[in-house]
Amino acid sequence: QMELQYLETLLVRRKLGNWMDSESQQRFFDGHVIRYVELLCTHNPSAVLPFITENEALPLGECLDLCRRFDVTDASIYLLEKTGDFTLVLKLLLGDYQEELTKFKGTCLEPGSLRTALRTALKRLQAQEALLTTAAASAPAQTSPLPSTSAATTTSTA
């Protein structure tokens, strides 16, 4: 954990003022970023994808190997998309889906757990609906190429 905090301070919260020059900062980053991704995979898997998306110039192959080895599926999928391996992306997504479905079935078969499983599924659906609603609200409004009904009515009565 201490190594993770140390590298996070130097790699993520890096400021040019703490370095002699930007070249030494970049050398340090290049030399330690793989270890940092490995530590994230083991100690904080949910932080791997945000770090990878913020730092585009990472060694894809090595980061992908780490994400696959530690089963960090979301980051693995992101990196596979960047490499263009959509077949493997689909396999990972389907495998993840199948695993969750199997867990859900097992939960439903336990005595007294059907109500809990349904509550959990409902909460997940509500969260997804909220995300979709937020995304739809922030999307730019699209204008319809068709005339409005009031304009069509006005034209036909005239």
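None of the values given here were measured: they were computed from a predicted structure.

Q: Outline empty space enclosed by the protein, supporting the account with residue identities and numerical values.
A: Considering all chains together, one arrives at one cavity of 30 Å³ or more under this definition. Considering only enclosed or pocket space, the largest cavity measures out at about 30 Å³ in volume. Along the walls of the largest cavity sit Ile52, Asn55, Glu56, Leu58, Leu60, Tyr78, Leu79 and Lys82, which together make up its complete lining. It is helix H5 (residues 73-83) that provides the largest number of residues to the lining of the largest cavity, a total of three residues.

Q: Tell me about helix H2 (residues 22-43), residues and numbers included.
A: Maximum bend of H2: about 45°, positioned at His32. By the burial criterion, the buried members of H2 are Ser24, Gln25, Phe28, Phe29, Val33, Tyr36, Val37, Leu39, Leu40 and Cys41. Looking at the packing, one finds that the buried side of H2 touches helix H1 (2-11), helix H3 (48-54) and helix H4 (60-69).

Q: Kindly report on the layout of surface pockets, identifying the contributing residues and their values.
A: Each pocket or cavity is described by its volume, and for the largest pocket that value is around 490 Å³. If you go around the largest pocket, you meet 14 residues; those closest to its centre are Glu100, Phe104, Thr120, Ala121 and Arg124. By residue class, the composition of the lining of the largest pocket is six nonpolar, four polar and four charged.

Q: I'd like to hear about the packing of H4 against H5, residue by residue, with values.
A: Their axes nearest at 9 Å, the elements H4 and H5 cross at an angle of 150°. As H4 packs across H5, the resulting crossing turns out to be left-handed. Where H4 abuts H5, its residues Leu60, Cys63, Leu64, Cys67 and Arg68 lie against Ala75, Ser76, Leu79, Leu80, Lys82 and Thr83. Taken together, the residues that form the contact of H4 with H5 break down as seven nonpolar, two polar and two charged.

Q: So, the pattern of salt bridges: which residues are in play, and what are the values?
A: Summed over the entire model, instances satisfying the criterion amount to six salt bridges. The closest approach of N and O atoms between Arg35 and Glu3, which form a salt bridge, is 2.8 Å. Of this pair, Arg35 sits in helix H2 while Glu3 sits in helix H1, and the two are 32 residues apart along the sequence. The salt bridge partner of Lys82 is Glu56, with a shortest N-O separation of 2.8 Å. Taken together, the residues Lys82 in helix H5 and Glu56 in the loop between H3 and H4 connect sequence positions 26 residues apart. The class for Glu56 is partly exposed, based on a relative accessible area of 45%. Here the residues in one salt-bridge network are Glu99, Glu100, Lys103 and Arg124, joined through shared partners.

Q: So what's going on with the nonpolar core? Residues and values would help.
A: Generally speaking, nonpolar side chains in soluble globular proteins are found buried as a group. In this structure, Val48, Phe51, Ile52 and Cys67 are the most contacted members of the largest nonpolar core, which totals 26 residues. Elements supplying a minimum of two residues to this core: H1, H2, H3, H4 and H5. Per-element accounting of this core gives the leading share, eight residues, to H2. In this view, Val48 contacts Leu40, Cys41, Cys67, Val72 and Ala75; residues no more than four positions away in its chain are not counted.

Q: For the side chain of Asn55, give the residues involved together with the corresponding values.
A: Take Asn55: it is sitting in the loop between H3 and H4. A distance of 2.8 Å separates a polar atom in the side chain of Asn55 from the backbone oxygen of Phe51.

Q: How would you sum up the packing of H2 against H4? Please name residues and give values.
A: As a packed pair, H2 and H4 sit with axes 10 Å apart at the nearest point and diverge in direction by 15°. When the axis of H2 is compared with that of H4, the two are roughly parallel. Note that H2 runs across H4; the crossing there is right-handed. Contacts between H2 and H4 involve Ile34, Val37, Glu38 and Cys41 from the former and Glu62, Cys63, Leu66, Cys67 and Arg69 from the latter.

About the cut-offs
Residues numbered from 1 in each chain as written. Predicted model: local features only at pLDDT ≥ 70, side-chain atom pairs only at ≥ 80, totals over all residues. Heavy atoms only, no water. 1 Å grid on protein atoms, 1.4 Å probe; cavity = no way out; pocket = protein on both sides within 12 Å on 5 of 7 lines; lining within 4 Å. Points joined across faces, edges and corners; volume = space filled by probe spheres on them. Helix = DSSP H or I, 4+ residues; strand = E, 2+ residues; numbered from the N terminus. Bend = angle between axes of the 7 residues up to and from the residue. Buried < 20%, exposed > 50% of the residue type's maximum accessible area, 1.4 Å probe, protein only. Contact = heavy atoms within 4.5 Å. Nonpolar A, V, L, I, M, F, W, Y, C, P; charged D, E, K, R; others polar. Axes fitted to C-alpha atoms, helices over the stretch in contact; angles between N-to-C directions. Left-handed = near helix turned anticlockwise from the far one by under 90°. Salt bridge = Lys/Arg side-chain N within 4 Å of Asp/Glu carboxyl O. Core = buried A, V, L, I, M, F, W, Y, C linked by side-chain atoms within 4.5 Å. Polar contact = N/O pair within 3.5 Å; in protein donor to acceptor, adjacent residues only side chain to side chain. Parallel < 35°, antiparallel > 145°, perpendicular 65-115°, else oblique.

Keep in mind that these numbers describe shape and distance, not what the molecule does.
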